[in-house]
Amino acid sequence: MEHIAVLGGGLAGRLTAWGLAQQGFEVSLFEQGTRAGERSAAYVAAAMLAPLAESVEATPLVVSLGRQSMALWRGITGRLKTPVFHQENGSLIVWHGQDKPLSRDFQQHLSRANQGVNPAVHWSAADIAANEPQLAGRFSDGLYLPDEGQLDNRQVLVSLADTLEDCGVHCHWETFREISDLTEFDGIIDCRGYGAKTRWNRPSERSRLRGVRGEVARVYAPEVSLNRPVRLLHPRYPLYIAPKENHLFVIGATQLESESDAPASVRSGLELLSALYAVHPAFGEAEIREIAVGLRPTLNHHDPEIRYSKTDKLIEINGLFRHGFMISPAVADAAVRLAVNLFGGGGIPESDSVTDLAYLRLEAV
Ligand SMILES: Cc1cc2nc3c(=O)[nH]c(=O)nc-3n(C[C@H](O)[C@H](O)[C@H](O)COP(=O)(O)OP(=O)(O)OC[C@H]3O[C@@H](n4cnc5c(N)ncnc54)[C@H](O)[C@@H]3O)c2cc1C
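No experiment lies behind these values; they were computed from the predicted model shown.

**Quick word on the site of the ligand**
Around the ligand sit 38 residues, and of these Glu31, Arg177, Phe321, Phe325 and Met326 come closest. One of the backbone N or O atoms of alanine 47 is found 3.2 Å from an oxygen atom in the ligand. Leucine 320 has a polar backbone atom sitting 3.4 Å from an oxygen atom of the ligand. For the ligand, whose unbound accessible area comes to 1,000 Å², protein coverage reaches 97%. Residue assignment for the shell around the ligand shows that the elements contributing at least two residues are α1 (11-22), α2 (41-44), β11 (209-220), β15 (287-299) and α10 (324-343). In this structure, the shell around the ligand is formed jointly by two domains, domain 1 (3-83 + 152-208 + 300-363) and domain 2 (91-146 + 211-297), each of which donates at least three residues.

**Some details on the side chain of arginine 231**
Summarising the element assignment, arginine 231 is placed in strand β12 (residues 230-233). Look past the residues within four positions of arginine 231 in its chain and what remains in contact with it is Met48, Ala50, Ala53, Glu54, Leu92, Ile93, Val94, Leu239 and Tyr240.

**Some words on the environment of isoleucine 128**
As for its placement among the helices and strands, isoleucine 128 is situated in helix α6 (residues 125-131). Judged by relative accessible area, isoleucine 128 falls into the buried class, the value being 1%.

**Considerations on the domain arrangement of the chain**
What the domain assignment lists for the chain is domain 1 (3-83 + 152-208 + 300-363) and domain 2 (91-146 + 211-297). Distance between the C-alpha centres of domain 1 and domain 2: 28 Å. In this assembly, 26 residues from domain 1 lie in contact with 28 residues from domain 2. Overall, the association of domain 1 and domain 2 removes approximately 2,300 Å² of surface from exposure, summing both partners, and the carbon and sulfur fraction of that is 58%. Scanning the region where domain 1 abuts domain 2 turns up three salt bridges. Across the pair glutamate 290 and arginine 154 runs a salt bridge, and its minimum N-O distance is 2.8 Å. Applying the counting criterion to the domain 1 and domain 2 interface returns twelve residue pairs in polar contact (both at pLDDT 80 or more). Elements with a contribution of two residues or more to the side of domain 1 that touches domain 2: α2, α3 (51-54) and α7 (153-166).

**Quick notes on the nonpolar core**
Counting 53 residues, the largest nonpolar core has Leu20, Trp73, Ile189, Ile315, Ile317 and Phe325 as the members making the most contacts within it. Listed by contribution, the elements that provide at least two residues to this core are β1 (3-7), α1, β2 (26-30), α4 (60-79), α7, β16 (305-309), β17 (314-318) and α10. Ranked by residue count, the leading element in this core is α10, at 13 residues. For isoleucine 189, the contacting residues outside a window of four places in its chain are Ile4, Ala5, Val6, Leu7, Thr16, Leu20, Ile315, Ile317, Ala339 and Phe343.

**Points about the sheet that holds β17**
The strand order across the open sheet formed by six strands is β9-β2-β1-β10-β17-β16, and the pairing between neighbours is mixed. One side of each edge strand has no neighbouring strand; the edge strands of this open sheet are β9 (170-172) and β16. Sheet twist, expressed as the mean angle between neighbouring strand axes with direction ignored, is 15°. When β1 meets β2, the two strands line up parallel, connected through five bridges. Residue pairing across strands places valine 6 opposite leucine 29, the latter belonging to β2. Relative to the sheet, α1 contacts β1, β2, β10 (187-190) and β17, its axis offset from that of β2 by approximately 170°. Along the sheet face, α10 touches β1, β10, β16 and β17 and points at about 170° away from the line of β17.

**Regarding the sheet that holds strand β7 (residues 141-145)**
Here eight strands make up an open sheet; going across it, the order is β6-β7-β5-β12-β13-β14-β11-β15 and the pairing mixed. Since the sheet does not close on itself, it has two edges, and those belong to β6 (121-124) and β15, each with one partner. The average angle at which neighbouring strand axes cross in this sheet is 25°, direction not considered. In the sheet, β12 pairs with strand β13 (residues 240-243) via two bridges, with the strands oriented antiparallel.

**Here we look at helix α5 (residues 100-113)**
When the terminal C-alpha atoms of α5 are compared, their 20 Å separation across 14 residues agrees well with the 20 Å that a helix rising 1.5 Å per residue should span. Each element contacted by the buried residues of α5 is listed here: α3, β5 (91-95), β7 and β12. Downstream of α5 by one or two residues, glutamine 115 has phi in the positive range, about 50°.

**Thoughts on the confidence of the model for the chain**
A residue-level look at the chain finds 95% of positions with pLDDT of 70 or above and a mean pLDDT of 92. A low-confidence stretch, residues 351-359 (pLDDT under 50), is modelled with 21 contacts involving residues beyond four sequence positions or located in other chains. Throughout residues 361-365 the model reports pLDDT below 50, and contacts reaching past four residues in sequence, or to other chains, amount to ten contacts.

**Details of the layout of surface pockets**
Here the second largest pocket is characterised by a volume of approximately 280 Å³. Lining the second largest pocket are 14 residues, with Leu15, Gly19, Gln22, Arg79 and Asp333 positioned closest to its centre. Secondary-structure elements contributing two or more residues to the lining of the second largest pocket are α1, α4 and α10. Per-element tally for the lining of the second largest pocket: the top contributor is α10, with six residues. Class assignment for the residues of the lining of the second largest pocket results in eight nonpolar, three polar and three charged.

What counts and what doesn't
Residues numbered from 1 in each chain as written. Predicted model: local features only at pLDDT ≥ 70, side-chain atom pairs only at ≥ 80, totals over all residues. Heavy atoms only, no water. Near = heavy atom within 4 Å. Polar contact = N/O pair within 3.5 Å; in protein donor to acceptor, adjacent residues only side chain to side chain. Areas by Shrake-Rupley, 256 points an atom, 1.4 Å probe, with all protein chains shown as cover. Helix = DSSP H or I, 4+ residues; strand = E, 2+ residues; numbered from the N terminus. Domains from an automatic or database assignment. Contact = heavy atoms within 4.5 Å. Buried < 20%, exposed > 50% of the residue type's maximum accessible area, 1.4 Å probe, protein only. Buried area = accessible area lost by both parts, 1.4 Å probe. Salt bridge = Lys/Arg side-chain N within 4 Å of Asp/Glu carboxyl O. Core = buried A, V, L, I, M, F, W, Y, C linked by side-chain atoms within 4.5 Å. Pairing = 2+ DSSP bridges. Axes fitted to C-alpha atoms, helices over the stretch in contact; angles between N-to-C directions. Expected span 1.5 Å × (residues − 1). pLDDT = per-residue confidence, 0-100. 1 Å grid on protein atoms, 1.4 Å probe; cavity = no way out; pocket = protein on both sides within 12 Å on 5 of 7 lines; lining within 4 Å. Points joined across faces, edges and corners; volume = space filled by probe spheres on them. Nonpolar A, V, L, I, M, F, W, Y, C, P; charged D, E, K, R; others polar.

Written as structure tokens, this is what we have:
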């Protein structure tokens, strides 16, 4: 049995390690942080699964991977060792009266990204009151996006750790490694996210990796209940509120071209909390539990890549950017299929260099 090392146990690493174990590989996972995953971007993320809303800005490949992953997540959360919060109630887009032009722009972009068909369902004030009673009277209309969902990111990370340990993956938590430390393995999968920046940015490389800073607030609001994530269209702070279990709300996310992981600024805190208060003043009484900061691993073309080197017995997954939860099941599946070919003796498609993106595109539907 080939023994594969997975370097980096954030989101992509945990999912890929599980997929490899299910294919019969012996797997060792190395993660510099604890099993809670607090050193990963995934620990900060809001874990929205929003291929429709994101189609307004994301590339067609990302949207396609997001659609595939919606179905894959159902299978994943159903088989995890411990339960995780996984909701598929669609999402609601709202705006204040003066921002109505933003809703027209949003729908135009949505139609353009979806072959001329606008997938949004118009909700009147009465529809909003019926489906989100606590928002009754606050917005004159809204847009409902079906086929969207969300997860609890931190539950997913812990449950994946439970599942990996249960199925025999050798999990080395709090263990920093370099690729050069892993030569005894039959294959290596590098899932270090932003931690792989130096390797991705060597002069010979085609793609460039950078971190894109994001801040997310978590508040506890026992007075407020929402049935689904709510996005606020706003000229200055277009943000979303994702209701998790037990009246915990995740408000996200800022997006700044910065690789600083310094604590959240006053401006970002104000934007996140203003958006929250603008959706419902009852959030004024909420307890601020944290404002967390993370760097999204982002390639210059904003698509994810899987690239491989036959001679180094190495597969690298990166560039999940702001869509890691939305697309990682499809990306991890593609990487596992490649690993079966590369390390399992099945040969590899065409060249042994960097046909990574093409490889992923082949899988997009
Ligand atoms: C503010 C914010 C909000 C977000 N919201 C969403 C959202 O709503 N929906 C969505 O789909 N996505 C969201 N994302 C994006 C998502 O979190 C990322 O795309 C995803 O986490 C990337 O996964 P990854 O496994 O590549 O990297 P990571 O999750 O960062 O994991 C990389 C892991 O590698 C480990 N590592 C690095 N170097 C080493 C080393 N040398 N040795 C050992 N371990 C190492 C790190 O500790 C880390 O655990 C958000 C991200 C941020 C920052």
